[in-house]
Structure formats: structure tokens, C-alpha cells
Amino acid sequence: MTDCTIKGVGASDAIYDGSDFKIAIVHARWNEQVIKALLDGTISSLCGFKVKRENIFIESVPGSYELPYITHLMADSHKYDAVISIGVLIKGSTMHFEYIADAVSQGLMQSQIATKTPVIFGVLTCLTEEQALQRAGLTPDGHNHGEDWGAAAVEMAAKRHLYLQ
Ligand code: RBF
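Keep in mind the model is a prediction, meaning the values are calculated, not measured.

About the cut-offs
- Residues numbered from 1 in each chain as written.
- Predicted model: local features only at pLDDT ≥ 70, side-chain atom pairs only at ≥ 80, totals over all residues.
- Heavy atoms only, no water.
- Helix = DSSP H or I, 4+ residues; strand = E, 2+ residues; numbered from the N terminus.
- Expected span 1.5 Å × (residues − 1).
- Contact = heavy atoms within 4.5 Å.
- Axes fitted to C-alpha atoms, helices over the stretch in contact; angles between N-to-C directions.
- Parallel < 35°, antiparallel > 145°, perpendicular 65-115°, else oblique.
- Nonpolar A, V, L, I, M, F, W, Y, C, P; charged D, E, K, R; others polar.
- Near = heavy atom within 4 Å.
- Polar contact = N/O pair within 3.5 Å; in protein donor to acceptor, adjacent residues only side chain to side chain.
- Areas by Shrake-Rupley, 256 points an atom, 1.4 Å probe, with all protein chains shown as cover.
- Salt bridge = Lys/Arg side-chain N within 4 Å of Asp/Glu carboxyl O.
- Buried < 20%, exposed > 50% of the residue type's maximum accessible area, 1.4 Å probe, protein only.

**Comments concerning helix α1 (residues 32-48)**
- Compared with the 24 Å implied by 1.5 Å per residue over 17 residues, the 24 Å span of α1 between its first and last C-alpha is a close match.
- Tucked inside the fold, the buried residues of α1 contact β1 (23-28), β2 (56-61), β3 (82-90), β4 (119-126), α4 (129-135) and α5 (145-163).
- Downstream of α1 by a residue or two, K50 has a phi angle that is positive, lying close to 70°.

Now the structure itself:
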């Protein structure tokens, strides 16, 4: 059974050119198989928008809870046109999932507002392992959300340049 077809990002308002952009990716290492697929999808999407491979800077952290700290340092360095933060949270039997998901989503939003560097929310918050595999394009009916994150990073980087004084 596929997800409802009305979901997902709509068509872009323009074709964005990432050939002058530097993009940072920070990824967690928990749920490694899914992370790897999302990372691959993100990188190939960035390259599809002409971001040069040498202008994609990748850092890893142990788990999603560590994402906001390194993301913030990278965003605050102003060396990058956007930072993509990737993690995979899968709900377990305790409250960890809720606390981490809440802290990370708030931390990443605060970081992009404070630094004026776009931060892309590449964090899956899945109720089951199956959902995580689907959202990384690892099932026959799946879709790799990394592709959307790469596109979002290039669009937001372009809009940052357009509006930032
Ligand atoms: N990190 C993730 O990125 N995804 C997870 O699904 C995840 N689940 C966790 C579940 C428990 C019970 C604990 C203790 C940690 C989990 N973490 C997970 C790691 C967390 O993000 C962080 O790396 C550690 O808590 C160290 O700060």
C-alpha cells in the first residue's frame, strides 16, 4: 500500500542552479542502513542541481540528539549556503523518541533563525522500521526523502541570497 498521493512537496517555482553553492550535510549514525540511503539520495539530488561534489561537506555525529549542536556550529560559521541535518528516529518502547524528536526539531529551527543560514530538516520520525525503509526508498513503493532535502537546500540557499541584505 503506497502513501496517499496528495502528500509531498509540490513543483518548484523555478529551476535553481547550485553550481556556486557550498552545502554542508550533518548526519547521525543511528539506523545506519537508512541513513546511508538518505545520504546517497541527498548527494545525488544536490549534484542534479549542479552542486559540485567538492562543495558538499559531510560530517557525522553519533545520534540525532547531537545533530543540532554540530549543525549550529556549521550554520554559524557562515561557510555554507545551507546545512542539511539528517537523522532517523524510530519509535521504541520508552519516551526517548518523543524527547529527542522534540529537542532536535526545535534546535534545528532555532539554529536557522539565529544564524540566517537555511537548515534543512532531514530527520525522519518513524513509528516503525518499515516506515523508515519506505522513506529512504528502500522498499518497492518507497520514496527517498533525501532527494527532496537536496532540492530544498538549493532552493533555500538561492532564496537566502535573494533576500538577505
Ligand atoms: N538516535 C537516533 O538518531 N535515532 C534513534 O532512533 C535513537 N534512539 C535512541 C533510543 C535510546 C533509548 C537512546 C538512549 C538513544 C537513542 N538515540 C537515537 C541516540 C541519541 O540520539 C543520542 O545519540 C544519545 O542519547 C547520546 O546523546
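The discussion continues.
**Brief notes about the packing of helix α2 (residues 67-77) against helix α3 (residues 96-115)**
- Running from N to C, α2 and α3 cross one another at 10°; their axes reach a closest spacing of 9 Å. The angle between the axes of α2 and α3 places the two elements in the roughly parallel class. Note on element contacts: α3 touches α2 through V104, G107, L108, S111, A114 and T115, opposite L67, P68, T71, H72, A75 and D76.
- Looking at side-chain class alone, the contact of α2 with α3 contains six nonpolar, five polar and one charged residues.

**Notes on the site of the ligand**
- Inspection of the region around the ligand gives W30, N31, G63, S64, Y65, E66, V88, L89, I90, H96 and I100 as its neighbouring residues.
- With respect to the ligand, the side chain of N31 contributes an N or O atom lying 3.5 Å from an oxygen atom.
- In the model, an oxygen atom of the ligand is placed 2.7 Å from a nitrogen or oxygen of the S64 side chain.
- In isolation the ligand has 540 Å² of accessible area, and contact with the protein removes 68% of it.
- Every element with two or more residues in the shell around the ligand is listed here: β3 and α3.
- Examining the composition of the shell around the ligand, we find that three residues originate from one element, β3, more than from any other.
- Here the residues of the shell around the ligand sort into six nonpolar, four polar and one charged.

**So, the pattern of salt bridges**
- If you walk through the whole model with that rule in mind, you get five salt bridges.
- With a closest N to O distance of 2.7 Å, K159 and E155 form a salt bridge. Pair noted here: K159 and E155 are both in helix α5, with a separation of four residues, about one helical turn.
- Under the relative-accessibility criterion, E155 is labelled partly exposed at 21%.
- Here the salt bridges share partners, and the residues they tie into one network are D13, E155 and K159.

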